[in-house]
Structure formats: C-alpha cells, structure tokens
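The lines below spell out each chain.
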Amino acid sequence: MDGGAVRQHANPRPDDVHREARRRLATIGYETARTRELATGVEMPKAMRYLRMQIDFVAQSLASLATIPDDFHSDKYWPAWPGLGITRADR
C-alpha cells in the first residue's frame, strides 16, 4: 500500500478520508473477494472481513474529527494486518 507516501491535503474533508479507505480496501482486493463470496457462496477470509471493519472504523473516526489531520493518508492512522501479508513496511 502507498499509505506512507507523503501526500498532504490542505483542509482535507471527510470524503477524502473515505476515498483513502476505499483505496486501501481495493489494494487488498476486498471487493473482488466480496463479489466472489456472493457469486460462489465461499466465504472470504475472516482476516479480510476483520480488516474491512478496522478500516471502516478508522475512516469514520478520522472523518468525524473537527479538524482532519493533513497527513490522514499516513499508515500511522490505518491498520496493518499481517494475516493478509500486509504490514506497515509493505506499504
């Protein structure tokens, strides 16, 4: 993931945070796994479902702040999940 890259936003808005959350979910292939689950009935990995829950929580928390940090893209705000082979060093 590219979350650690230096990308500053002047006056970030909640939709910027939610866009970052969607980007992170796309990076792990969440939508593909969800579509496959719906089409075949085979569950996606529980670790992926849990990571989605964590990403949603962070996005909601950051988006609800009175002042969203300019560096909200930073990995320091977002979960890593070694169970999916994603660590902070990988991003």
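Up top is the structure.
Nothing here was measured: the structure is a model prediction, and the numbers come from that model. (Residues numbered from 1 in each chain as written. Predicted model: local features only at pLDDT ≥ 70, side-chain atom pairs only at ≥ 80, totals over all residues. Heavy atoms only, no water.)

1. Considerations on the nonpolar core
Link 1 in the chain: Formed by 17 residues in total, the largest nonpolar core has its most connected members in Val17, Ile28, Tyr30, Met48, Ile55, Leu62 and Trp78.
Link 2 in the chain: Listing elements by their share of this core, those giving two or more residues are α1 (14-28), α2 (30-40) and α3 (46-63).
Link 3 in the chain: Per-element accounting of this core gives the leading share, seven residues, to α3.
Link 4 in the chain: Those residues in contact with Val17 that sit more than four places away from it in its chain are Ala59, Leu62, Ala63, Ile68, Phe72 and Trp78. (Core = buried A, V, L, I, M, F, W, Y, C linked by side-chain atoms within 4.5 Å. Buried < 20%, exposed > 50% of the residue type's maximum accessible area, 1.4 Å probe, protein only. Helix = DSSP H or I, 4+ residues; strand = E, 2+ residues; numbered from the N terminus. Contact = heavy atoms within 4.5 Å.)

2. With respect to the pattern of salt bridges
Link 1 in the chain: Per the stated rule, a full pass over the model turns up twelve salt bridges.
Link 2 in the chain: Two residues, Arg23 and Glu20, come together in a salt bridge whose shortest N-O distance is 2.8 Å. Note that Arg23 and Glu20 are positioned in helix α1 at a spacing of three residues, about one turn of the helix.
Link 3 in the chain: We note a salt bridge from Arg24 to Glu20, for which the minimum N-O separation is 2.8 Å. With Arg24 and Glu20 both in helix α1 and four residues apart, this pair spans about one turn of that helix.
Link 4 in the chain: On the basis of relative accessibility, which here comes to 3%, the residue Glu20 falls in the buried class.
Link 5 in the chain: One continuous salt-bridge network, built from bridges that share partners, spans Arg13, Asp15, Asp16 and Arg19. (Salt bridge = Lys/Arg side-chain N within 4 Å of Asp/Glu carboxyl O.)

By themselves these figures say nothing about function.
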